[in-house]
Amino acid sequence: NVSTALTLNTFTRTGYSFSNWNTAPDYSGTTYADGAIYDFSADITLYAQWTANSYTVTFDANGGSPPIPASTKVVTYGVAYGTLATTSRTGYTFAGWFTAASGGTQVIATDIVNTASDHTLYGQWTANTYTVTFDANGGSTPDPTTKPVTYGSAYGTLATTSRTGYTFVGWFTAASGGTQITSATLVATASDHTLYAQWTDLPTFTVTFDANGGTGTMAPQTASLPTALTLNSFERLGF
């Protein structure tokens, strides 16, 4: 028998740390410590034994609420991620956790950890679509009466309407008061909602008729829109 110090291990394995040597590949044989001195009486093969490393995953909500139950989680290389954090974002539907803030590869609970370092998973989102209803608020039927809009994007072209005797002021979030919405306004209401037309009276003008030497009576004429003048009923002798 010869007492011999085992050569120190120089093998490496991605995602794993060397633990010791064993006479069986599956750790079922005799264990030998790295670099220890042993007596050997015959040829022998020793198999490197490995321990999977643990890494920290950080969850970046990417605009969403703080991840629950925590913003980090310890995972083991070669083992499934397990339950992932949850998050939410007003006006958006959660699309999943990905390896990049945009694009990348989606990671789900059953995926096996194959990144041999601490790493970050990013929440990705799909903007929701809502229906806007136009309320003419006394005007003609809007064209169109409804339209789909996307949260976080501009409303785009709005409906048209008219009302006799009034000037259209614009579309608002309330029938009176509220906030005006234009085509460039970004959708910030995370639900189906209604926009209301608001109006202002047209100015009213009065025409007074002067006989200018004639006789008779003519009542003043009042209007707020282009209107034909009342036919003359004054008379003057000799003319």
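As a reminder, the structure under discussion sits directly above these lines.
Residues numbered from 1 in each chain as written. Predicted model: local features only at pLDDT ≥ 70, side-chain atom pairs only at ≥ 80, totals over all residues. Heavy atoms only, no water.

### Thoughts on the overall build of the protein chain
- When you go through the protein chain residue by residue, the secondary structure sums to 0 helices and 17 strands.
- The C-alpha atoms of the protein chain give a radius of gyration of 40 Å, which is well past the 18 Å a tight globule of 239 residues would have.
- If you line up the protein chain on its principal axes, its C-alpha atoms span 155 × 25 × 20 Å.
- Counting over 239 residues, the protein chain shows a buried share of 26%.
- Put simply, of all contacts in the protein chain between residues at least 6 apart along the chain, 56% involve residues at least 24 apart.
- Summing over all exposed atoms, the protein chain offers an accessible surface of approximately 14,400 Å²; the carbon and sulfur share of this is 52%.
- Placing the 6 positive and 13 negative side-chain charges of the protein chain at their respective mean positions leaves the two points 14 Å apart. (Helix = DSSP H or I, 4+ residues; strand = E, 2+ residues; numbered from the N terminus. Rg over C-alpha atoms; globule rule 2.2 N^0.38 Å. Buried < 20%, exposed > 50% of the residue type's maximum accessible area, 1.4 Å probe, protein only. Contact = heavy atoms within 4.5 Å. Areas by Shrake-Rupley, 256 points an atom, 1.4 Å probe, with all protein chains shown as cover. Lys, Arg positive; Asp, Glu negative; His and termini not counted. Charge placed at Lys NZ, Arg CZ, Asp CG, Glu CD.)

### Concerning the pairing of strand β10 (residues 119-127)
- The sheet contact formed by strand β6 (residues 54-60) and β10 spans 4 bridges and is parallel. Across the sheet, residue T58 finds its bridge partner in β10, namely T120.
- Summarising the sheet, strand β8 (residues 92-98) and β10 pair through 6 bridges and their orientation is antiparallel. Counterpart to F98 in the pairing with β10 is Y122. (Pairing = 2+ DSSP bridges.)

### A few points about the environment of A190
- With respect to the secondary-structure elements, A190 resides in the loop between β14 (180-181) and β15 (193-201).
- Residues A190 and F168 lie 22 residues apart in sequence; the distance between their C-alpha atoms is 27 Å.
- Leave out the neighbours within four places in its chain, and A190 touches T90, G91, Y130 and Y151.

### Re the side chain of N128
- Mapped onto the elements of the fold, N128 is located in the loop between β10 and β11 (129-135).
- Setting aside its immediate chain neighbours within four residues, N128 contacts G91, Y92, T93, V149, T150 and Y151.

### Looking at the environment of T7
- One can find T7 in the loop between β1 (2-5) and β2 (16-22).
- In this structure T7 comes out as exposed when scored by relative accessible area, which is 65%.
- Taking the C-alpha atoms as reference points, T7 and G35, separated by 28 residues in sequence, lie 5.6 Å from one another.
- Those residues in contact with T7, other than ones at most four positions away along the chain, are W21 and D34.

### Observations concerning the packing of aromatic side chains
- Taken as a whole and judged by the stated rule, the model has 12 aromatic pairs.
- When the centroid spacing of 5.3 Å and the interplanar angle of 65° are considered together, the rings of F168 and W199 count as edge-to-face. Residue F168 is located in strand β13 (residues 166-172), and its partner W199 is located in strand β15; the two are separated by 31 residues in the primary sequence.
- In this structure an aromatic cluster arises from ring pairing among F11, F18, W21 and W50.
- The ring of Y92 carries R89 above its face, with NZ or CZ at 3.9 Å from the centroid.
- Positioned over the ring face of Y166 is R163, at 3.9 Å from the centre of the ring. (Phe/Tyr/Trp six-rings, centres within 6.5 Å; stacked < 30°, edge-to-face > 60°. Lys NZ or Arg CZ within 6 Å of the ring centre and 35° of its normal.)

### As for the sheet that holds strand β5 (residues 47-52)
- If you walk across this open sheet you meet the 3 strands as β3-β2-β5, and the pairing is antiparallel. Bordering the open sheet on either side are β3 (31-32) and β5, each of which pairs with just one other strand.
- With 6 bridges joining them, β2 and β5 adopt antiparallel strand pairing. Residue pairing in the sheet places N22 in a bridge with Y47 of β5.

### Overview of the sheet that holds β10
- Here 5 strands make up an open sheet; going across it, the order is β7-β6-β10-β8-β9 and the pairing mixed. Edge strands, defined here as strands with exactly one partner in the open sheet, are β7 (72-76) and β9 (106-107).

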